[in-house]
Amino acid sequence: MANVVVVGSQWGDEGKGKIVDWLSERADVVVRFQGGHNAGHTLVIDGVSYKLSLLPSGVVRTGKLSVIGNGVVFDPHAFVAELDKLAGQGVQVTPESLKVAENTALILSLHRELDAFREDAASNSGTKIGTTRRGIGPAYEDKVGRRAIRVMDLANMETLPAKVDRLLTHHNALRRGLGHREVSHADIMEELSSVAGRILPFVDRVWKILEEASRMGNRILFEGAQGTMLDIDHGTYPFVTSSNTVAGQAATGSGLGPGAIDYVLGITKAYTTRVGEGPFPTEQNNEIGELLGTKGHEFGTVTGRQRRCGWFDAVLVRQAVVANGMNGIALTKLDVLDGLDEIKVCTGYRLDGKTIDYLPAGQGAQARLEPIYETLEGWKETTRGARRWTDLPAQAVKYVRHIEELIGAPVALLSTSPEREDAILVTDPFQD
């Protein structure tokens, strides 16, 4: 019996929702360990669609314990809104079914505003990052700057005012510099006090709960958000998110420790997509990119933004396999490639006349990359809905096997449609 970490191996949007839902049915505990409500999963259970942003995927299943770990930045108003939306769909989330780490940093309205101020200013200068404007980055900055308001602070209204003053000293200086009005102490105190009663019943010592669950042999699923190439250290910096999205963060962001991680599953799309700004070596600004986007319904769950589309980049995924220590991948959306005469796969880059087999860390070098493609024969038959290898066209099987060779990791699970049962299981991560 194993504990499993699920992470994206590209720029997010790899189809984690279906895979996490499939795994969460087998798990006892589901843990969010980084990011915030900028991440989106769409789950379809018994024909009902649930769109989750902040809450772990386990909340829509009975008998599961869901956990928001300390590595998450927590918007209390988004949390309450998501609880109310689920309640409207008949899902009651209780303090018995969901725990929020007491040392989780909060996202406040001033974080969302600062995020928007900066993006607007950067848009005018052509240097925007492409954030979701939900305050994620500014909240992580305050956490690292040791001035964040944390969930536990809502329980002590006597010490909270001094913490708010410290936070406002920093933020009001920034707001004055950007030409915006200051935020009042009273406004922030009102913002916090208005939601404290809804939040506090869920707050607990998560590290201790997880340690006890692990000791009892419970299956724990660590649910990652975004993707490896959006990691603050290992991604296409500065066009990244503000947290570590790699598997190692599951330990830091939950308090359980790296020894509890048994299997790392990398969710990998059979082609490549990206939302927002930043380098994308295999992007196809042509009919191929349009075809992939249309067939794959490539729009963000949270933002609704159209995703940029391109060929599979084996160089990026191979690097993600190493950075995460992936034991296997779940390959998704293979059916989107059905009907193509030929399919290209990036196997290397040219940089300033030289051939390289890695993603350089520098922004300038990333922008100058030219992909080196290998062309594979496509297939006319459909892979959609296949549940056995024998249901797949021969060329589709060759494509999958070649990807395994190029990235240095086996396919543990092959997804052939958005339906949760349309999958070919090779290795059950919980039994590995």
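Before going into details, it helps to say that this report is about the structure given with it. (Residues numbered from 1 in each chain as written. Predicted model: local features only at pLDDT ≥ 70, side-chain atom pairs only at ≥ 80, totals over all residues. Heavy atoms only, no water.)

Focus: the overall build of the protein
Rule in force here: Only DSSP runs of H or I covering at least 4 residues are called helices, and only runs of E covering at least 2 are called strands; the numbering of each starts at the N terminus. C-alpha atoms define the radius of gyration, and 2.2 Å times the number of residues to the power 0.38 defines the globule rule. Only the protein chains shown count as cover for residues, and the accessible areas themselves come from Shrake-Rupley with a 1.4 Å probe. Just so you know, the count uses Lys and Arg for positive and Asp and Glu for negative, and it drops His and the chain ends. A charge is said to be at NZ when it belongs to Lys, at CZ for Arg, at CG for Asp and at CD for Glu.
Scanning the protein from N- to C-terminus turns up 12 helices and 20 strands. Here the C-alpha atoms of the protein give a radius of gyration of 22 Å, agreeing with the 22 Å that 2.2 N^0.38 yields for 432 residues. Considering only C-alpha atoms, the protein reaches an extent of 65 × 50 × 40 Å along its principal axes. With an accessible surface of roughly 17400 Å², the protein has 49% of that area assigned to carbon and sulfur atoms. For the protein, the distance from the average site of its 47 positive side-chain charges to the average site of its 55 negative ones is 2 Å.

Brief notes about the sheet that holds strand β20 (residues 423–425)
Cut-off, in case you're wondering: Two strands are said to pair when DSSP picks up at least two bridges between them.
Strand order in the open sheet made by the 10 strands is β9-β7-β5-β2-β10-β1-β11-β15-β19-β20, with mixed pairing throughout. If you trace the sheet from one side to the other, it starts and ends with β9 (203–204) and β20, each paired once.

Description of the nonpolar core
How we decide: We call a set of buried Ala, Val, Leu, Ile, Met, Phe, Trp, Tyr and Cys residues a nonpolar core when their side-chain atoms join them within 4.5 Å. Summary of the burial criterion: residues with accessible area below 20% of their type's maximum are buried, those above 50% are exposed, and those between are partly exposed, where the area comes from a 1.4 Å probe applied to protein chains only. Here, residues are in contact when the closest pair of their heavy atoms is within 4.5 Å.
By size, the foremost hydrophobic cluster in this structure holds 66 residues, and its most contacted members are L334, L337, Y399 and I407. Contact partners of L337, with chain neighbours within four places excluded, come to A270, Y271, L292, K295, I343, W379 and Y399. In this structure, V93, L154, L168 and F202 belong to the second largest nonpolar core, which totals 37 residues.

A short note on the pattern of salt bridges
As a reminder of what qualifies: Throughout this description, the term salt bridge denotes a Lys or Arg side-chain nitrogen within 4 Å of a carboxyl oxygen of Asp or Glu.
Following the criterion strictly, the structure yields 25 salt bridges and no others. Notably, a salt bridge pairs R26 with E25, separated by 3.8 Å at the nearest N-O pair. By relative accessible area, R26 is classed as partly exposed at 28%. Note on E25: relative accessible area 37%, which makes it partly exposed. Residue D120 is joined to R133 by a salt bridge in which the shortest nitrogen-to-oxygen separation is 2.8 Å.

Regarding empty space enclosed by the protein
Condition: The rule is simple: put a 1 Å grid over the protein atoms alone, call a set of points where a 1.4 Å probe fits but cannot get out a cavity, call an open set with protein on both sides within 12 Å along at least five of seven lines a pocket, and count a residue as lining if it has an atom within 4 Å of a point. Grid points are joined across faces, edges and corners, and a volume is the space filled by probe spheres set on the points. Only Asp, Glu, Lys and Arg are considered charged, only Ala, Val, Leu, Ile, Met, Phe, Trp, Tyr, Cys and Pro nonpolar, and every remaining residue, Gly among them, polar.
The final tally for this structure, using the stated rule, is 1 cavity of 30 Å³ or more. Roughly 30 Å³ of volume is contained in the largest cavity. Lining of the largest cavity is provided by R32, A39, H41, L52, S53, L55, E223 and A225. For the lining of the largest cavity, a count of residues per class yields 4 nonpolar, 2 polar and 2 charged.

A closer look at the packing of helix α5 (residues 160–177) against helix α6 (residues 185–199)
Filter applied, for reference: Lines are fitted to the C-alpha atoms to define the axes, a helix being fitted only along its stretch in contact, and any angle between axes, read from their N-to-C directions, falls within 0 to 180 degrees. To sort the angles, those under 35 degrees are grouped as roughly parallel, those over 145 as roughly antiparallel, those from 65 to 115 as roughly perpendicular, and the leftovers as oblique. Helix crossings are classified by the rotation of the near helix relative to the far one: an anticlockwise turn of less than a right angle makes the crossing left-handed, while a clockwise turn makes it right-handed.
For the pair α5 and α6, the least separation of the axes is 10 Å and the interaxial angle reads 125 degrees. In terms of orientation, α5 and α6 fall into the oblique class. Judged by the sense of rotation from one axis to the other, the crossing of α5 with α6 is right-handed. Of the residues in α6, those touching α5 at L160, P161, V164, D165 and L168 are H185, I188, M189 and L192. A class-by-class count of the residues in the contact of α5 with α6 yields 7 nonpolar, 1 polar and 1 charged.

With respect to the pairing of strand β10 (residues 220–223)
Judged by which residues are buried, β10 turns out to be covered on both faces: I220 and F222 on one side and L221 and E223 on the other are all buried. Pairing of strand β2 (residues 29–32) with β10 involves 4 bridges; the strand directions are parallel. From the neighbouring strand, R32 faces β10, where its bridge partner is E223.

Side note on the packing of aromatic side chains
Short version of the rule: Centre distance within 6.5 Å is the pairing criterion for rings of Phe, Tyr and Trp, where only the six-membered ring of Trp is used; planes under 30 degrees apart are then read as stacked, over 60 as edge-to-face, and the remainder as tilted. Lysine NZ or arginine CZ positioned within 6 Å of the ring centre and within 35 degrees of the ring normal marks a charge as sitting over the ring.
Scanning the model with the defined rule gives 4 aromatic pairs in all. These aromatic residues form a ring-pair network of at least three members: F74, F79 and F202. The ring centre of W22 lies 3.6 Å from the NZ or CZ of R26, which sits over that ring. Here the basic side chain of R401 rests over the ring of W389, its NZ or CZ set 4.4 Å away from the ring centre.

Things to note about helix α12 (residues 394–407)
Rules: A helix's residues, less one, multiplied by 1.5 Å, set its expected span.
Between its first and last C-alpha atoms α12 spans 20 Å; for 14 residues at 1.5 Å apiece the expected length is 20 Å, and the two agree. All of the buried residues along α12 are Q395, A396, Y399, V400, H402, I403, E404, L406 and I407. Count one or two residues on from α12 and you reach G408, which has phi positive near 75 degrees.

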